[in-house]
Amino acid sequence: MNKSNRVILALDSDNFKKINSILDKIKNHLYAVKIGYEFFLNFGLDGYKKIKKKRIKIFLDLKLHDIPNTVKNGIEAISKLRAEFTTIHISGGDEMQKLAISKKGNTKILGVSILTSLDVDQIKKYYSKNNIQKLVKNFVKNAHKNNLDGVICSPKEIQIIRKLVNDKFIIITPGIRPINYKKKDDQQRTLTPKKAIELGANFIVIGRPILLSKDPLKEIRKINLEIEQSKN
Ligand code: C5P
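Notes on the structure in this doc start here.

Cut-off values and rules
- Residues numbered from 1 in each chain as written.
- Predicted model: local features only at pLDDT ≥ 70, side-chain atom pairs only at ≥ 80, totals over all residues.
- Heavy atoms only, no water.
- Helix = DSSP H or I, 4+ residues; strand = E, 2+ residues; numbered from the N terminus.
- Buried < 20%, exposed > 50% of the residue type's maximum accessible area, 1.4 Å probe, protein only.
- Contact = heavy atoms within 4.5 Å.
- Axes fitted to C-alpha atoms, helices over the stretch in contact; angles between N-to-C directions.
- Parallel < 35°, antiparallel > 145°, perpendicular 65-115°, else oblique.
- Nonpolar A, V, L, I, M, F, W, Y, C, P; charged D, E, K, R; others polar.
- Salt bridge = Lys/Arg side-chain N within 4 Å of Asp/Glu carboxyl O.
- Pairing = 2+ DSSP bridges.

**As for the environment of Leu217**
Reasoning step 1: Here Leu217 lies in helix 10 (residues 216-228).
Reasoning step 2: We classify Leu217 as partly exposed; its relative accessible area is 21%.
Reasoning step 3: C-alpha of Leu217 to C-alpha of Lys25: the two residues are 192 residues apart in sequence and 6.5 Å apart in space.
Reasoning step 4: Leu217 has contacts with Lys25, Ile26 and His29, leaving out every residue within four places of it along the chain.

Written out as structure tokens, the structure is:
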């Protein structure tokens, strides 16, 4: 794998013109772009197709969670859009995961385990469990068994997950901040790109450090250089 193209840029913006101009400058330095609710609900399929036309891989992050038949049909529609990755909630259960896989075509299905925004109190309240790590491990083991292609997880979980799954299982992590990144935002326990790759992530999702940078090309080059120096 080309070490330098491990970054997935999160297109979290309601400014299409800005996204367009950034991508024209840096698309060759990325592995893919991540389209989530903000982009998709602002710009719809039309916006999706405009990005696709740039010949860049798309991670369509819609985190599907519904009854198995509904998710199956949703995944079938996503696979027709030729997205590289998409997401479903592992908590939708075995049948939902299996039906999703049956319609994935060439799109890789990633599982969302426990939302990293939930703290111990919320986990206790909604899952009746005290141990988040144990819960995450259980979710990932089952996702692996059900043949999901990988998971999206917190940087803190990379190491424990890598030990549970085979090498083909894809681990993608957000919560990444480049070394020497000074701006403070809502991301708390972050890792650097180099560290995340060394711990076993295949790809890293980065948004604001690139999107809000005065010079996105300089920023992605710096990040890729950092990744090239990793041991993996
Ligand atoms: O701007 P930033 O680099 O924080 O963007 C990270 C992206 O990853 C956002 O699209 C965010 O929604 C997503 N994400 C996250 N933390 C999670 C799961 C997804 O930051 N636990």
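**Let's talk about the packing of helix 5 (residues 120-127) against helix 6 (residues 132-145)**
Two quantities define a packed helix pair, namely the angle between the axes and the distance from one axis to the other.
Reasoning step 1: At a minimum axis distance of 11 Å, the contact between helix 5 and helix 6 shows a crossing angle of 55 degrees. Judged on the interaxial angle alone, helix 6 and helix 5 are oblique. The residues of helix 6 that touch helix 5, namely those facing Val120, Ile123 and Tyr127, are Ile132, Leu135 and Phe139.
Reasoning step 2: Its residues assigned to classes, the contact of helix 5 with helix 6 comprises six nonpolar, no polar and no charged.

**Re the pattern of salt bridges**
Reasoning step 1: Under the counting rule described, the total for this entry stands at nine salt bridges.
Reasoning step 2: Among the ionic pairs, Glu198 bridges to Lys194, the shortest N-O distance being 3.7 Å. Residue Glu198 and its partner Lys194 are located together in helix 8 (residues 193-199), separated by four residues, close to a single helical turn.
Reasoning step 3: We classify Lys194 as partly exposed; its relative accessible area is 29%.
Reasoning step 4: Sharing partners across several salt bridges, the network here consists of Lys34, Asp61 and Lys63.

**Some thoughts on the sheet that holds strand 2 (residues 32-35)**
Reasoning step 1: One closed barrel accounts for eight strands, arranged 1-2-3-4-5-6-7-8; its pairing is parallel. Between one strand axis and the next, the sheet turns through 25 degrees on average, direction left out of account.
Reasoning step 2: Here five bridges tie strand 4 (residues 85-89) to strand 5 (residues 108-112), and the two strands are oriented parallel to one another. Looking at the pairing, Ile88 lines up with Gly111 of strand 5.

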